[in-house]
Amino acid sequence: MTDQMQRIVLASRPDGAPKDRNFRLETTGIPVPSDGEVLIKTHYFSLDPYMRGRMDDTKSYAASIPLGGLMEGGAVGEILVSNSPSFQTGDFVFSMTGWATHGVADAREIRKLNPSIAPITTALGVLGMPGFTGWYGLTELGKPARNETVVVAAATGPVGSMVGQMAKLRGLNVVGIAGNSEKCRLATVKYGFDACIDHRAFDSARDLREALAPHCPNGIDIYFENVGGKVLESILPMMNPFGRIPLCGMIAWYNAGGLGADAAAEGLTGPRIWRTILVKHLAVQGFIISNHFDRYPDFLKEVGPHVASGALGYGEDIAEGLETAPSAFQSMLIGGNKGKQIVKVI
């Protein structure tokens, strides 16, 4: 083992969409784990939309990445050195060691993986935070009932595909919204959605709404929101009274920066949103999945067997090499990925 590692840090804060200049690849010494810590060699790490918010110097539910700081994120890899009785050299684990070839983690904050049960990459997607987000948002906040209609934005992503498939298992009519015809095909053929609409094929929210209407003849009972923008604007008028909107993201506005401060150019306005919520008695619940990890064992108990049997599908887009992370991240933020975006380090 060499004594050098590489990592990607935040070189500057983006103005709008991130650019290559906002990232910097560094070579540095491999850290030495203290008592109760482990040294991990990263095999894969995750790219997720929430990371864009961390790049802004804005108060939010989690601290911003400091300039020169490591780009954060979940990773899976192999333990090289263990100073904890709970883990051994060679164990595969999930950790939050970020965009780097190596990382040191507190043994109390990592999770052991079993590659013989499922590929370790699934801990970053279908059996990890994104899949858990979809499962929790649908089951706990969406409160699905048989024969209801659910609309899922970003339908083929790791969150949306989980929502759609779990809704189908519960007997709902499932309509997806995705960013191109190929993604729509994946939603219906691979993930079993009843229909999927390409939102990029429509210039306005009104046109998108008209395309959705034949697939939602009885209105929309649940809208799983992780996009915002034109998609949200098209769906709100179609919500049924007492409908539910689990809200876990607003990717259409992330590149506006400042928690979407510059998103006013969109057609939605506060009065229109709140009046619709009021007169339709809608339940809108924003949630941050890190607040609900006490339910993670329940998620694995229900979803794990479906993944193992092949009854629940998933997709992964894997970029090769640490240095590809910035470009893969930029592409993901504008819908360039079909499934869970992952970076392979070795």
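Everything that follows concerns the structure shown earlier in this document.
Residue numbers here run from 1 along each chain, matching the order of that chain's written sequence. At least 70 in pLDDT is required for a residue's local features to be given in this predicted model, at least 80 for side-chain atom pairs to be given and counted, and no such filter applies to totals for whole chains, interfaces and linings, which use all residues. Only heavy atoms go into the side-chain values, all of them from the structure, while hydrogens and water stay out.

So, the pairing of strand β9 (residues 173-178)
- Exposed residues in this analysis have more than 50% of their type's maximum accessible area, buried residues have under 20%, and partly exposed residues fall in between, with area computed by a 1.4 Å probe over protein chains only. Labels follow the DSSP assignment, with helices taken as runs of H or I lasting at least four residues and strands as runs of E lasting at least two, numbered in each case from the N terminus. Across the 6 residues of β9, 5 count as buried, placing the element largely inside the fold.
- By the bridge criterion, 5 bridges tie strand β8 (residues 149-153) to β9 in an arrangement that is parallel. Of the residues in β9, the one forming a bridge with Thr 149 is Asn 173.
- Traced from β8 through helix α3 (residues 158-169) to β9, the parallel crossover comes out right-handed.
- Taken together, the 4 bridges between β9 and strand β10 (residues 195-198) define a ladder with parallel strand orientation. Note on β10: the bridge partner recorded for Val 175 is Ala 195. Following DSSP output, two strands are said to pair if at least two bridges run between them. Crossovers are marked right-handed if the path from the first strand over the helix to the second runs clockwise, as seen with the strands pointing away from the viewer.

Some thoughts on the environment of Asp 317
- Looking at the element boundaries, Asp 317 is found in strand β14 (residues 316-320).
- As a C-alpha pair, Asp 317 and Lys 344 span 27 residues in sequence and 10.0 Å in three-dimensional space.
- In this description, contact between two residues means that some pair of their heavy atoms is separated by no more than 4.5 Å. Setting aside anything within four residues of it in sequence, one finds Asp 317 in contact with Gly 336, Asn 337, Lys 338, Gly 339, Lys 340, Gln 341 and Ile 342.

Remarks on the sheet that holds β9
- One open sheet accounts for 6 strands, arranged β10-β9-β8-β11-β12-β13; its pairing is parallel. For this open sheet the edge positions go to β10 and β13 (283-286), each flanked by a neighbour on one side alone. When strand polarity is set aside, the average angle formed by the axes of neighbouring strands in this sheet is 15°.
- Note: strand β11 (residues 220-224) against strand β12 (residues 239-247), 2 bridges, orientation parallel. Paired with Ile 222 across the bridge in β12 is Arg 244.
- Between N-to-C directions, angles cover 0 to 180 degrees, with each direction set by a line fitted to C-alpha atoms, over the stretch in contact for helices. Contacts from α3 reach β8, β9 and β11 within the one sheet, and its direction differs from that of β8 by about 165°.

Describing empty space enclosed by the protein
- Only protein atoms enter the 1 Å grid, on which a cavity is a set of points fitting a 1.4 Å probe that cannot get out and a pocket is an open set with protein on both sides within 12 Å along at least 5 of 7 lines, lining residues being those with an atom within 4 Å of a point. Grid points are joined across faces, edges and corners, and a volume is the space filled by probe spheres set on the points. Inspection of every chain in the model, using the stated rule, returns 1 cavity of 30 Å³ or more.
- Approximately 70 Å³ is the volume found for the largest cavity.
- Under the scheme applied here, ten amino acids are nonpolar (Ala, Val, Leu, Ile, Met, Phe, Trp, Tyr, Cys and Pro), four are charged (Asp, Glu, Lys and Arg), and all others, including Gly, are polar. Here the residues of the lining of the largest cavity sort into 5 nonpolar, 5 polar and 2 charged.

Considering the pairing of strand β4 (residues 75-82)
- Alignment of strand β3 (residues 37-46) against β4, held across 7 bridges, turns out to be antiparallel. Across the sheet, Leu 39 pairs through a bridge with Val 81, a residue of β4.
- Where β4 meets strand β5 (residues 92-95), 4 bridges bridge the pair, whose relative direction is antiparallel. Opposite Gly 77, over in β5, you have Val 93 as the bridge partner.

Remarks on the nonpolar core
- For this analysis, a nonpolar core means a set of buried residues of the types Ala, Val, Leu, Ile, Met, Phe, Trp, Tyr and Cys, connected via side-chain atoms within 4.5 Å. Judged by nonpolar contacts, the single largest core of 33 residues is most densely connected at Trp 135, Met 162 and Val 303.
- For this core, the secondary structure elements donating two or more residues are α2 (129-142), β8, α3, β9, α4 (181-189), β11 and α9 (296-309).
- With near-sequence residues (within four places) excluded, Trp 135 lies in contact with Glu 140, Met 162, Met 166, Arg 170, Arg 295, Asp 298, Phe 299, Glu 302 and Val 303.
- Among the nonpolar cores identified, the runner-up in size contains 22 residues, and Ile 177, Ile 197, Leu 212 and Ile 235 belong to it.

As for the side chain of Thr 276
- When you line up the elements, Thr 276 lands in helix α8 (residues 270-279).
- The class for Thr 276 is buried, based on a relative accessible area of 19%.
- Residues within four places of Thr 276 in sequence aside, it is in contact with Leu 236 and Leu 282.

So, the packing of α3 against α9
- Two numbers describe how α3 lies on α9: the axes approach to 13 Å, and their chain directions differ by 85°. In terms of orientation, α3 and α9 fall into the roughly perpendicular class. Facing α3, whose interface residues are Met 162, Met 166 and Leu 169, α9 presents Phe 299, Glu 302, Val 303 and His 306.
- Split into classes, the residues belonging to the contact of α3 with α9 amount to 5 nonpolar, 1 polar and 1 charged. Orientation is classified from the angle alone, with under 35 degrees giving roughly parallel, over 145 giving roughly antiparallel, 65 to 115 giving roughly perpendicular, and any other angle giving oblique.

A closer look at the pattern of salt bridges
- Should a side-chain nitrogen of Lys or Arg be within 4 Å of a carboxyl oxygen of Asp or Glu, the pair is scored as a salt bridge. Under the defined criterion, the tally for this structure stands at 14 salt bridges.
- Taking the shortest distance from any N to any O, the salt bridge between Asp 56 and Arg 52 comes out at 2.8 Å.
- On the basis of relative accessible area, Arg 52 is assigned to the buried category, the value being 0%.
- Arg 54 serves as the salt-bridge partner of Glu 72, at 3.2 Å between the closest nitrogen and oxygen. Here the residue Glu 72 occupies a position in the loop between α1 (50-54) and β4, and Arg 54 occupies one in helix α1, the gap between them amounting to 18 residues.
- Taking the relative accessible area as the measure of exposure, Arg 54 reaches 11% and is therefore buried.
- Salt bridges linked by common partners bring Arg 7, Arg 24 and Glu 26 together as one network.

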